[in-house]
Amino acid sequence: MKKHNILTKSLAAIVAVTLTGQAAYAATYADGDLILGFRATGGVGSTKNVVVNIGQASLYTGASSRIPVVSGTTNIGADLTTAFTTWSTHRNDGARNAAGQVVGSDVIWSVTGTTGSFAPIGSDPAKTLYATRAISTPGSHPAAWLRASETAQGATTNLMKAFGLQYATYTDTANGGVIQLSNDINSYSSYQPGGTTVNAGPSPGISFKAFNPSAESTSALSSLELFRMAPGTGSGEYVGTFTLNSDGTMSFTKTTFPSNAPTLTAPATGAIDNATFAVNYTLPVAAKPGTVIIDFKGTSPATGSHLFTMNSTGETAGAHSFVINTADGTGSKVASGTALPDGTYEVSISYEDIVGHPVSNAVVNTSVVVDTIAPVINVAGVATTGYNSTTALPNLIPSLVVSGSPVSTTQSPAAGSILAAGTRTITFTAADAAGNQTINTVDLTVATGTINNTVQLKSTFGAGTTFVAGTPVPGAGTTTGIAKGAIFTSFGPPSINDAGQIAFLGQWTAPKTVDSTGQLITAAILGKGIFTCTVSNPTPTLVAYPGGPCGVTSGVLGSVMFDPVINSTGKVAFIASLANDPYATVPASPLIDTTNDLAVVTNAFTGGALTVAAREGSIVSGETDSPAISVISAISLQGSNLLYTTVLKTGTGAAVTTTNNKAAYMNNNGTVTRVIRAGVTSLPGTTGSSLVSAYTLLSAVAGSPGQTREHSGNVASLRVALVDKTVTLVDSTGGVITPFKRVGNSIDGSIGFPTVPVFSTFGTSVMTDGADVVVNGTLAASVPASVTGVNSKGIFKGIGSVFTAIARSGDIAPGGVGLFEAFGEPLVSGGTFAFPATAKLGLVSKSGVFWRKSDGNLVKVAATTETAPGAPVITGSFKAFTSLGLSDNGPLFYGQLNLEAGITAENDNGIWAVDASGALVKIVMEGDTIASGKVVKSIVALTGVLGSTGVTHSFNNNRQITYLATFVDGTKGIVTSLIP
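Since the structure is predicted, the reported quantities are computational estimates derived from the model, not experimental observations.

What counts, and where the lines are drawn
- Residues numbered from 1 in each chain as written.
- Predicted model: local features only at pLDDT ≥ 70, side-chain atom pairs only at ≥ 80, totals over all residues.
- Heavy atoms only, no water.
- Helix = DSSP H or I, 4+ residues; strand = E, 2+ residues; numbered from the N terminus.
- Buried < 20%, exposed > 50% of the residue type's maximum accessible area, 1.4 Å probe, protein only.
- Areas by Shrake-Rupley, 256 points an atom, 1.4 Å probe, with all protein chains shown as cover.
- Phe/Tyr/Trp six-rings, centres within 6.5 Å; stacked < 30°, edge-to-face > 60°.
- Pairing = 2+ DSSP bridges.
- Axes fitted to C-alpha atoms, helices over the stretch in contact; angles between N-to-C directions.
- Polar contact = N/O pair within 3.5 Å; in protein donor to acceptor, adjacent residues only side chain to side chain.
- Contact = heavy atoms within 4.5 Å.
- Salt bridge = Lys/Arg side-chain N within 4 Å of Asp/Glu carboxyl O.
- pLDDT = per-residue confidence, 0-100.
- Arc of directions from axis to C-beta.
- Core = buried A, V, L, I, M, F, W, Y, C linked by side-chain atoms within 4.5 Å.
- Expected span 1.5 Å × (residues − 1).

Draft legend 1. Representation of the overall build of the protein chain within the structure. A count of helices and strands for the protein chain gives 4 helices and 63 strands. Burial analysis of the protein chain (980 residues in total) assigns 50% to the buried set. Total accessible area on the protein chain stands at roughly 38,500 Å², and carbon and sulfur atoms take up 56% of it.

Draft legend 2. Spotlight on the packing of aromatic side chains. On inspection of all chains with the given rule, the structure shows 32 aromatic pairs. Taking the centre distance of 6.0 Å and the plane angle of 55° together, the rings of F163 and Y191 count as tilted. Of this pair, F163 sits in helix α4 (residues 150-167) while Y191 sits in the loop between β6 (178-181) and β7 (223-229), and the two are 28 residues apart along the sequence. Y191 carries the same exposure label as F163, and that label is buried. An angle of 75° between the planes, with centres 5.1 Å apart, marks the rings of F820 and F850 as edge-to-face. Taken as a pair, F820 in strand β52 (residues 819-823) and F850 in strand β55 (residues 844-852) lie far apart in primary sequence, 30 residues in all. Judged on exposure class, the residue F820 and its partner F850 are both buried.

Draft legend 3. Quick look at unusual backbone geometry. A cis amide bond links S300 with the next residue in sequence, P301, at an omega value of -15°. By the element assignment, P301 lies in the loop between β13 (293-300) and β14 (304-310). For the bond running from S589 to P590, omega is 0°, close enough to zero to count as cis. When you line up the elements, P590 lands in the loop between β36 (572-580) and β37 (598-602). If you check the backbone angles, S367 has positive phi at about 55° while not being a glycine.

Draft legend 4. View of the sheet that holds strand β10 (residues 263-266). Ordered in space as β10-β12-β15, the 3 strands form an open sheet in which the pairing is antiparallel. Single-partner strands in this sheet number two, and they are β10 and β15 (318-325). Here the average twist between neighbouring strands, direction ignored, is 25°. As paired elements, strand β12 (residues 276-283) and β15 share 8 bridges and run antiparallel to each other.

Draft legend 5. Seen up close, the side chain of S809. Inspection of the secondary structure puts S809 in the loop between β51 (802-808) and β52. By relative accessible area, S809 is classed as buried at 1%. In this structure the side chain of S809 is engaged in a polar contact, spanning 2.7 Å, whose partner is the backbone oxygen of V790.

Draft legend 6. Summary view of the environment of K484. By secondary structure assignment, the location of K484 is in the loop between β26 (454-458) and β27 (487-491). On the basis of relative accessibility, which here comes to 74%, the residue K484 falls in the exposed class. With 25 residues separating them along the chain, K484 and T509 place their C-alpha atoms 9.7 Å apart. Those residues in contact with K484 that sit more than four places away from it in its chain are A476, G477 and A510.

Draft legend 7. Fine view of the sheet that holds strand β49 (residues 773-779). Sheet architecture is open: 4 strands sit in the order β48-β49-β50-β51, paired in antiparallel fashion. Two strands close off the open sheet at either side, each with one partner strand: β48 (759-768) and β51. The average angle at which neighbouring strand axes cross in this sheet is 30°, direction not considered. In this sheet, strand β50 (residues 793-799) lies alongside β49 in antiparallel orientation, the contact comprising 6 bridges. Residue V774 lies in a different strand from β50, and its bridge partner there is K797.

Draft legend 8. Inspection of the pattern of salt bridges at higher detail. Within this structure, the stated rule accounts for 13 salt bridges. A salt bridge links K846 to E866; its shortest N-O distance comes to 3.5 Å. Residue K846 is found in strand β55, and its partner E866 is found in the loop between β56 (858-863) and β57 (878-887); the two are separated by 20 residues along the sequence. For K846, a relative accessible area of 21% gives the class partly exposed.

Draft legend 9. Main features of the confidence of the model for the protein chain. With 87% of its residues at a pLDDT of at least 70, the protein chain reaches an overall mean of 83. Across the protein chain, the element-wise mean pLDDT spans from 28 in helix α1 (residues 3-12) up to 96 in β56.

Draft legend 10. Spotlight on the environment of E710. By the element assignment, E710 lies in the loop between β43 (692-696) and β44 (711-712). Along the chain, E710 and L643 lie 67 residues apart, while their C-alpha atoms are 9.9 Å from each other. The contact partners of E710, leaving out residues within four places of it in the chain, are T696, L697, L698, V715, A716, S717, S765, V766 and T768.

Draft legend 11. Geometry of helix α3 (residues 76-84). Every buried residue belonging to α3 is among I76, G77, D79, L80, A83 and F84, and all of these are buried. Buried residues along α3 cover an arc of 160° about the axis, so they all sit on one side. Count one or two residues on from α3 and you reach T85, which has phi positive near 65°.

Draft legend 12. Region of interest: the nonpolar core. One finds I635, V675, L697, L718 and V720 to be the most contacted residues of the largest nonpolar core, which totals 38 residues. Secondary structure elements with two or more residues in this core: β36, β38 (611-615), β39 (629-638), β40 (641-648), β41 (662-668), β42 (671-677), β43 and β45 (715-722). Take this core: its biggest share by element is 5 residues, from β39. Leave out the neighbours within four places in its chain, and V720 touches I676, L683, V692, A694, Y695, T726, V727, T728 and V730. Counting residues in each nonpolar core, the second largest holds 35 residues, with V774, I795, L884 and V914 among its members.

Draft legend 13. Region of the structure containing α4. Helix length check: α4, at 18 residues, gives a terminal C-alpha distance of 25 Å against a target of 26 Å (1.5 Å per residue), a fit within 8%. Among all positions of α4, only Q153, G154, T156, T157, L159, M160, F163, G164, Q166 and Y167 are buried.

The structure is reproduced here in structure tokens:
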């Protein structure tokens with residue numbers, strides 16, 4: 001019997017191979033065989049090789065435990081002794097005697113094999129390679145050999161075949177091996193580094209090409225790990241470990257390779273879901289078909305394992321993501337699976353690598369919950385009447401009975417919303433942690449309400465020494481700088497956000513105190529600070545005050561404070577002075593003086609503490625010429641995006657001059673980017689001159705000084721003039737300028753012109769709501785005369801670079817006021833547009849407020865000489881519209897009446913707004929008696945204020961308006977009204 005066959009039977013039976021006394025036979029070789037080779041790198045036996053066919057690779061990939069390969073000093077050990085003389089006595093490489101002479105053999109070895117180039121063998125495709133790699137550090141694993149393309153592995157396959165076929169020409173020794181001479185053709189040595197070249201074999205050192213530097217051991221008695229490389233890319237698969245003992249016995253151990261453990265990242269521990277579950281895992285190596293299994297093991301109340309077996313697309317090495325359908329167990333990579341009933345599970349992953357090693361994940365993700373039962377909402381307890389169109393909708397959720405396991409319950413419209421009169425549907429949504437959601441509704445009957453101007457905060461009497469009841473200042477007597485008994489004396493124009501949060505500048509006094517004889521004890525103490533409150537809770541909260549923290553080391557806030565702006569979460573920004581902290585142990589560096597004491601302060605950045613966002617005298621980060629700020633002129637706050645305009649100090653930096661010292665910057669949570677800078681910014685995509693010479697941003701505009709215009713999130717939309725005097729409309733997003741319309745560009749869409757007109761000028765500003773922009777534009781006269789002086793003016797809306805006309809001169813104005821003549825600056829909010837304009841009917845011209853609603857209809861809101869709703873006399877008519885605002889709900893404006901019978905300078909101004917039905921209603925007028933019997937003397941609303949010109953202050957998108965009122969008794973108050 002040939003040795004190869006004996007090995008096969010012996011290994012299959014997992015018993016030792018004993019070849020003692022066996023007759024010599026011709027060696028055999030077949031594709032898929034693994035060949036064990038020994039050689040000596042010096043000393044005795046350096047001219048010889050010992051080579052043994054140890055059987056098909058499948059014997060090792062299919063092994064289930066430790067198996068012997070060759071055994072005993074009477075077989076391969078004897079051949080090693082024959083070839084290397086001293087093997088049985090000296091097995092340590094390079095062993096020497098007492099005289100220092102080499103008596104060892106420097107023996108090293110390897111195991112290699114291939115399927116051949118043409119046909120697969122079992123699960124091994126053609127050109128699959130096997131090779132060992134030395135374990136350099138005991139207890140560790142060597143790096144796997146890398147797989148290569150069929151072409152590259154084919155070259156190595158050809159060398160291995162040549163070696164194997166040459167081996168088959170020899171005759172086995174009685175011990176089952178073959179002893180070659182190193183210079184034999186295609187000998188084992190000729191394929192190893194340092195091999196001989198005195199034969200027809202390959203050049204030495206190529207080591208079967210794919211396995212450089214070598215597949216061999218580093219010493220005779222070391223262990224080698226066997227890897228399998230099917231053609232492809234990535235690491236080869238670990239098969240097992242060969243170990244050679246001192247007597248020549250060799251064994252093979254098949255174990256799990258720890259570095260091949262998979263990872264399971266989803267569903268993570270604590271995950272909760274209903275209809276679907278995301279599964280994410282990574283296999284370090286390819287898996288044996290049908291062995292990748294995700295196990296959902298039920299712990300409560302479901303029990304048992306629910307197994308999901310992946311298909312071929314889920315068995316490749318690398319990351320895998322897919323979704324399991326809990327109802328039927330299917331998924332994009334699932335070959336088989338079952339439905340997952342509601343319950344809690346442990347989830348694990350296991351697989352076998354391509355050679356059959358079972359590999360389990362060390363991490364088991366637990367407490368994974370499947371929950372498909374939605375909460376139940378009972379709305380029977382919700383009152384359906386008792387609501388009106390000027391009262392905020394209450395929180396109705398406490399009236400619900402929600403069963404199941406809800407995590408959140410919401411109502412829409414939200415609490416605080418103002419509902420129009422009529423039948424209104426409230427929608428309740430309850431959701432649990434698994435994402436199950438239930439919706440239920442209830443209809444409310446909303447009556448028409450009466451406008452109620454509620455005094456949020458009251459001041460003391462403004463003149464003399466007699467004090468009336470006012471709002472106490474929070475922190476009085478407990479906060480440094482706010483004396484005991486401090487009461488508000490005055491307020492600045494308030495700001496309000498959509499959540500009904502109000503910010504304002506408040507001034508206070510702590511009244512003088514006297515003893516029983518009238519002797520002065522303390523004089524009146526004055527102060528000011530920034531405060532916030534809410535519509536529903538007018539109790540103010542102190543945000544900033546002189547002497548308080550400002551975010552500068554050894555610095556405090558100074559005595560100068562401008563009116564604040566507020567963002568959607570109730571955070572504020574304001575311009576203020578800074579001062580040196582007199583109590584600081586280390587002085588500010590540099591000291592705060594008149595060159596660096598003005599700053600923009602905000603609590604809108606991460607952490608919520610007051611922080612200096614921009615400061616006079618500071619160098620602007622990100623500018624290459626290192627300019628210093630001289631003046632901060634206007635601010636706007638949206639989220640954590642603080643937009644501010646500046647004048648840079650000439651002579652600072654590299655080259656700051658009067659031509660490049662006007663700039664605007666955005667500070668987003670501490671990161672500053674340039675929005676635009678005259679004399680520095682160039683517009684991309686423009687022909688001719690592209691350098692900006694001037695721009696309009698955050699400036700109060702006639703007709704609507706208190707309206708948000710150019711700032712939406714991190715985008716600023718603005719009008720710029722270039723050095724060649726042309727005007728362009730641009731967006732600046734994160735410092736990136738995008739021009740979208742330029743003088744000379746055509747308008748878009750058909751507006752009745754026989755030829756396409758182009759813009760000749762734009763108005764002073766461009767307004768945006770984050771989606772649309774709107775501009776007052778003039779078209780150039782053209783030949784033939786499609787554009788003339790009569791029809792050249794208009795209001796144009798744009799989305800990107802596409803602009804169409806909303807209204808133009810010569811068009812019929814709605815409301816019977818004649819033909820449009822001229823236009824003021826327009827506004828945009830929530831896709832609706834409003835603008836002031838004049839129209840002429842015959843010889844009579846009127847000014848009016850016009851509104852292009854979301855349905856596309858253009859309507860007249862109000863016009864001069866027409867009756868003002870709610871005027872103190874029936875003949876009261878509008879004289880002028882001094883400030884226009886626009887919320888998502890419609891226009892509102894500050895108007896003045898004509899002085900006529902019953903209308904005097906004491907009652908000729910007020911605020912009007914469009915209600916939910918589209919009708920114009922009065923909110924408040926001078927002379928009105930409002931809450932607590934207060935008679936209004938003057939109103940400050942819809943105005944641009946110092947420090948934040950061009951920024952909405954007085955109203956929000958929730959039908960709320962807040963304003964500063966001075967009353968005839970000399971007191972002042974912050975008043976809030978609900979637009980019906």
